[in-house]
Amino acid sequence: MPEKNIADLIQSILEKNKGFMLVTRLPDFIGAEGKYKLGIRKGDSGKIIRRKIEQSAEDRFIFRLRGRSMYILIPCEPSEFVLGLIPEKKAFDARVLRNLPFTKAEFYTIVNELTDEGRVKTLYDEKGKPKIYRAGGIPKPEPEDYTQEKFIEAFDALDRGRIFVRIPDLRRKLGWPREVFDDMLRDLRDRDVIQLHTGDASLMTPDEVADCFIDENDFRKGSVTRNVR
């Protein structure tokens, strides 16, 4: 293998691994000849492997240190890198955060930037954990899923004996189109299945205030209770 192809080999390996890898794992993928060409020996530290890669590949790759772990990455904008980790039609699995070349704070800073740009959207489950989707990639419920039974099921999951459920939490858990959710609130209120309450906007974030319900009289409703008969 000509030495000039070492960088191409590393590039292809990283492309198959979402664009990054622990530096210490790379020797397992480049083969005996690749290790010989780079001068990598068994037991070499991440710093030593990095130096040898840089000597052969010059500035072709980026290296990031997270804690004591050294990562090698294909150069790209951080926002494009993170976007590439989010599946097309499924939520990002936050469990892989511990294996990324970004700290959790760095990752969510980038996600917030992508959210501001309208490229991703974050929903929250009943435990308040974020579920990150690509814009347009959130699975859309079929019309038959927009039922009172689904609404009550989501209400009960959030209730947990508190009686009051915040409308922003309920809206996010269901993930229905805004007009569908609001129509269901009106219908259940008019049929005396639920009651809507003002809620304390001072205890909400701006996004939560925006996710409240505005009734026909232009009053903001922030919480809902069930009428149990």
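It should be noted that the structure appears before, not after, this text.
Thresholds, definitions, all that
- Throughout, residues of each chain are indexed from 1 in the direction in which the sequence is written.
- Predicted model: local features are reported for residues with pLDDT of at least 70 only, side-chain atom pairs are reported and counted for 80 or more only, and whole-chain, interface and lining totals are derived from all residues.
- Where side-chain values are given, they derive from all heavy atoms of the structure, hydrogens and water being excluded.
- Under the scheme used here, helices are H or I runs from DSSP no shorter than 4 residues and strands are E runs no shorter than 2 residues, and both carry numbers assigned from the N terminus.
- For the radius of gyration, the atoms used are the C-alpha atoms, and the globule rule reads 2.2 Å times the number of residues raised to 0.38.
- Burial classification: accessible surface area is computed with a 1.4 Å probe over protein chains only, and a residue below 20% of its type maximum counts as buried, one above 50% as exposed, and the rest as partly exposed.
- Accessible areas in this description were obtained via Shrake-Rupley with a 1.4 Å probe; residue shielding takes into account the shown protein chains only.
- The criterion for strand pairing is that DSSP finds at least two bridges linking the strands in question.
- A fitted line through C-alpha atoms represents every axis, and for helices the fit uses only the stretch in contact; the resulting angles, taken between N-to-C directions, go from 0 to 180 degrees.
- In this scheme, a helix's expected span is set at 1.5 Å multiplied by one less than its residue total.
- Our arc is simply the arc of the directions from the helix axis toward the C-beta atoms.
- Note on contacts: a residue pair qualifies if any of its non-hydrogen atoms lie within 4.5 Å across the two residues.
- Aromatic rings from Phe, Tyr and Trp, taking only the six-membered ring of Trp, are treated as a pair when their centres fall within 6.5 Å; an angle between ring planes under 30 degrees marks them as stacked, one over 60 as edge-to-face, and anything in between as tilted.
- Within 3.5 Å is the distance limit for a polar contact, defined as a pair of N or O atoms, with the added protein rule that one can donate a hydrogen and the other accept it, and that residues adjacent in sequence qualify only through two side-chain atoms.

K.L.:
Please explain the overall build of the protein chain as it appears in this structure.
P.N.:
Of regular secondary structure, the protein chain possesses nine helices and 10 strands. Taking 2.2 N^0.38 as the reference for a compact globule, 229 residues should give roughly 17 Å; the C-alpha atoms of the protein chain span a radius of gyration of 25 Å, well beyond that estimate. The principal-axis extents of the C-alpha atoms in the protein chain amount to approximately 75 × 35 × 30 Å. Counting across all 229 residues of the protein chain, residues that qualify as buried make up 37%. Only carbon and sulfur atoms are counted for the fraction: they give 48% of the accessible area of the protein chain, which is about 14,000 Å².

K.L.:
It is not clear to me how the sheet that holds strand E1 (residues 20-22) should be interpreted in this structure. Could you clarify?
P.N.:
Hydrogen bonding along the main chain pairs the strands of a sheet, whether they run parallel or antiparallel. The three strands lie next to each other as E1-E3-E2, forming an open sheet whose pairing is antiparallel. Only two strands of the sheet have a single partner each, and these edge strands are E1 and strand E2 (62-66). When strand polarity is set aside, the average angle formed by the axes of neighbouring strands in this sheet is 25°. Across five bridges, the pairing between E2 and strand E3 (residues 69-73) is antiparallel. Its bridge partner being in E3, Ile62 is matched across the sheet by Leu73.

K.L.:
Where do I start with helix H6 (residues 148-159) in this structure?
P.N.:
Working note: α-helix, 3.6 residues per turn, so residues spaced by three or four point in the same direction. In this model H6 runs 16 Å from its N-terminal to its C-terminal C-alpha over 12 residues, within 8% of the 16 Å that 1.5 Å per residue would give. Phe151, Ile152, Ala154, Phe155, Leu158 and Asp159 are the residues of H6 that are buried. Down the axis of H6, the buried set is contained in an arc of 160°. They therefore lie on one face. In H6, the exposed positions that point more than 90 degrees away from the buried face belong to Glu149 and Glu153. Next to the buried residues of H6 lie strand E6 (165-166), helix H7 (167-174), helix H8 (178-190), strand E7 (194-197) and strand E10 (223-226). Directly after H6, the chain includes Arg160, whose backbone phi takes a positive value near 50°.

K.L.:
I tried to follow the packing of aromatic side chains on my own but got confused; where do I start?
P.N.:
For any pair of aromatic rings, the description rests on two quantities: the centre-to-centre distance and the angle between the ring planes. Under the definition given, this model contains seven aromatic pairs. Ring centres 6.1 Å apart and planes at 50° place the aromatic pair Phe20 and Tyr71 in the tilted group. Of this pair, Phe20 sits in strand E1 while Tyr71 is found in strand E3, placing the two residues 51 residues apart along the sequence. We classify Tyr71 as buried; its relative accessible area is 6%. Summarising the aromatic geometry, the rings of Phe107 and Tyr108 are spaced 5.3 Å apart at their centres and angled 85° between planes, so their arrangement reads as edge-to-face. You can call Phe107 buried: its relative accessible area is 0%. Look at Tyr108 and you get partly exposed, because its relative accessible area is 23%. Linked through ring pairs, Phe20, Tyr71, Phe81 and Phe102 together constitute an aromatic cluster.

K.L.:
Is there a simple way to think about the environment of Gly67 in this case?
P.N.:
Position of Gly67 among the secondary structure elements: in the loop between E2 and E3. Each C-alpha atom of the pair Gly67 and Pro101 lies 9.7 Å from the other, and the pair is 34 residues apart in sequence.

K.L.:
Explain the side chain of Arg171 here, please?
P.N.:
Its location among the elements puts Arg171 in helix H7. A distance of 2.8 Å separates the side chain of Arg171 from the backbone oxygen of Asp211, its partner in a polar contact. Not counting chain neighbours up to four residues away, the residues in contact with Arg171 comprise Trp176, Arg178, Phe181, Asp182, Asp211, Cys212 and Phe213.

These results come straight from atomic positions and should not be treated as a statement about function.
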